[in-house]
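Inside the fold
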Amino acid sequence: MAEVLVYVDHVDGAVRKPTLELLTLARRIGEPVAVALGNGAGDTAAVLAEHGAVKVLTHEASEYADYLVVPKVDALQAAVEQVSPAAVLVPSSAEAKEVAARLALRIGSGIITDAVDVEAGAEGPVATQSVFAASFTTKSRVVKGTPVITVKPNSASVEAAPAAGTVEALSVTFSDKATGTKVTGRTARESTGRPELTEAAIVVSGGRGVNGAENFAIIEALADSLGAAVGASRAAVDAGWYPHTNQVGQTGKSVSPQLYIANGISGAIQHRAGMQTSKTIVAINKDAEAPIFDLVDYGVVGDLFDVVPQLTDEIKTRKG
Amino acid sequence: MSLRIVVTVKYVPDATGDRHFADDLTVDRDDVDGLLSELDEYAVEQALQISENSDDDVEVTVLTIGPEDAKDALRKALSMGADKAVHVEDDDLHGTDAIGTSLVLAKAIEKAGYDLVISGMASTDGTMGIVPALVAERLGVPQITLLSEVSVEGGTVTGRRDNDAASETLEASLPAVVSVTDQSGEARYPSFKGIMAAKKKPVESWDLSDLEIEADEVGLEGAWTKVDAANERPARTAGTIVKDEGEGGKQLAEFLAGQKFI
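Definitions and limits used
Numbering of residues starts from 1 in each chain and follows the order in which that chain's sequence is written. Starting at A for chains and at 1 for ligands, labels are handed out in the order in which the entities are written. The predicted origin of the model limits local features to residues at a pLDDT of at least 70 and limits the giving and counting of side-chain atom pairs to 80 or more, whereas totals for whole chains, interfaces and linings rest on all residues. UniProt positions are given in the numbering used here, feature names are shortened, and annotations may be inferred rather than shown by experiment. The helix count covers DSSP runs of H or I at least four residues long, the strand count covers runs of E at least two residues long, and both are numbered beginning at the N terminus. Under the definition applied here, buried Ala, Val, Leu, Ile, Met, Phe, Trp, Tyr and Cys residues are grouped into a nonpolar core through C-beta atoms within 7 Å. Burial is judged by counting the other C-beta atoms within 10 Å of a residue's own C-beta: 20 or more makes it buried, 12 or fewer makes it exposed, and any count in between marks it as partly exposed, with every C-beta position built from the backbone. Here, residue contact means that the backbone-derived C-beta atoms of the two residues sit within 7 Å. By definition, two strands form a pair when at least two bridges between them are found by DSSP.

If you check an unreviewed UniProt entry, chain B appears there as Electron transfer flavoprotein subunit beta from Streptomyces longwoodensis. UniProt annotates chain B under Subunit (unreviewed entry) with the comment "Heterodimer of an alpha and a beta subunit." The UniProt entry for chain B carries the following comment under Sequence similarities (unreviewed entry): "Belongs to the ETF beta-subunit/FixA family."

By the naming in an unreviewed UniProt entry, chain A is Electron transfer flavoprotein subunit alpha, taken from Streptomyces longwoodensis. Per its UniProt entry, chain A bears the Function (unreviewed entry) comment "The electron transfer flavoprotein serves as a specific electron acceptor for other dehydrogenases. It transfers the electrons to the main respiratory chain via ETF-ubiquinone oxidoreductase (ETF dehydrogenase)." Taken verbatim from the UniProt record of chain A, the Subunit (unreviewed entry) comment is "Heterodimer of an alpha and a beta subunit."

What follows is about the UniProt feature "domain: Electron transfer flavoprotein alpha/beta-subunit N-terminal" (unreviewed entry) in chain A. Here, UniProt's "domain: Electron transfer flavoprotein alpha/beta-subunit N-terminal" (unreviewed entry) annotation points to residues 4-183 of chain A. Helix makes up 28% of residues 4-183 of chain A and strand 32%, with an end-to-end C-alpha separation of 31 Å.

Looking now at the nonpolar core. Ranked by size, the top nonpolar core spans 132 residues in total, and within it A:Val6, A:Val35, A:Leu89, B:Val7, B:Val44, B:Ala77 and B:Val178 carry the most contacts. The leading source of residues in this core is helix α3 (residues 98-112) of chain B, at eight residues. The residues touching A:Val6, leaving out its near neighbours within four places in the chain, are A:Thr19, A:Leu22, A:Leu23, A:Ala26, A:Pro32, A:Val33, A:Ala34, A:Val35 and A:Leu89. Residues A:Ala229, A:Val230, A:Val237 and A:Val296 belong to the second largest nonpolar core, which totals 48 residues.

Let us now look at the pairing of strand β9 (residues 166-173) of chain B. Relative to β9(B), strand β12 (residues 181-188) of chain A is paired through seven bridges, and the arrangement is antiparallel. Bridge assignment links A:Val183 to a residue of β9(B), and that residue is B:Leu170. Looking at chain direction, strand β8 (residues 156-162) of chain B and β9(B) are connected through seven bridges and run antiparallel. Considered in β9(B), the bridge of B:Thr158 is made with B:Glu171. Taken together, β8(B) and the strand that follows it, β9(B), pair antiparallel across an intervening segment of three residues.

If you want it as structure tokens, here you go:
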């Protein structure tokens, strides 16, 4: 059976959920071979094996943290040359997408980004994408070289599928371009204790109607009652009420959770682009004419300062 | 010292219009008004700021690939304050994918001459966000991308890149390829004077032969990816909408419990 390379997104050995989703998709095409790079790479093997990786290629070097993008391209290229895979699957994070693009060009292959599904096809893997602010769905293929496909978080379920997960050291020679862009400083973001926005099963977002940074506390309280991530519309971010890293929309994060709760968000195209593929959509808004209500499974026309605290209390009561 | 900046910009269909696909499954550009991609305005703005803050002699060239109408995007960038423009236009470019686009951009950037390339974080139509990385790979120069802050001093470009887990400061030597996010600073509006001045600024037109690119390296036939189908997403079925009469939160909780979210 053909092998499929899966690029592992991990933090010091802790594998992030989108990588496990990639293993589910990779198993539809062939046998997953994972590639884990940098500090803690070896620690990823157990969880990757549990989810279907037959092999885990690892390489640890300080270059991966000290320089941007290119060292990872060099390593993935070495892995492609060693394995001759049927496809390369990569999570759609900002850096991984750049790594995938440069890899594709180097190995003479086409690239598809931000797939929301990948299936085996007669002429190679078929990727589904959601485009034009999720108003269209396309099916595409790579027609030259080894298909390189990046996949958005929450595009597949995480499935247990125990496999050997044999660890092999990957041999990597860094190119002379590897040290071109130096990381001179890194400040870790303060952890909120909430799930990562793009990976969360539930997202609770606030917009213009929240009307002030201090009022985001009621959005956070609702999120915490559900174990959800907190998002914000561009209007709320531009007003300085919530950090840009939490922005949902065309120029922020694109999310696809099981449940999306929009609070005081009108639903402009800019915002819809980032949340329209959510499974269940709920909105609370004073304006009955707000376009967000065209998308919802359930909507409440009302003042969020009345509705949201009542909802949070009711959830807490029901959860006991 | 002089510094030559090339800003890559894209002419895109207005995102607030009714965007759709043409019969050959390329982006339809006829039925929706086009404009300079909003995310590229930030790139133009940063180029102008670097120019204004520099003691060197800085020249800002805006570069686009696209049909005749794409000149509108160049004109907008020139009216913001860019010095000159290059328009790559050739019928054989229709349907070019990201890999092909990076080839054309890289050849045009080399022909124009550059010390620094500045791009937006992504286009607002394709939204892939990979072209700056591809251009850097082709040019063989450092990529210093997705910056929310950028500055150039001497032969060095530095910037801040905000990732999910951390905020990083980066540094690279010129020549280099930069991309900037919408957090890099609001783009200026063209002044009346700028709009008048733009009419006199030079716009060069190049075709594929000027860039020594063969027709089969680009276009729909030369693309390394193929779109087999594009279907409009079915409208979401109308949901339940209630007016809050004092029990809206509880009613919503009831709905969420029914969907097993509580």
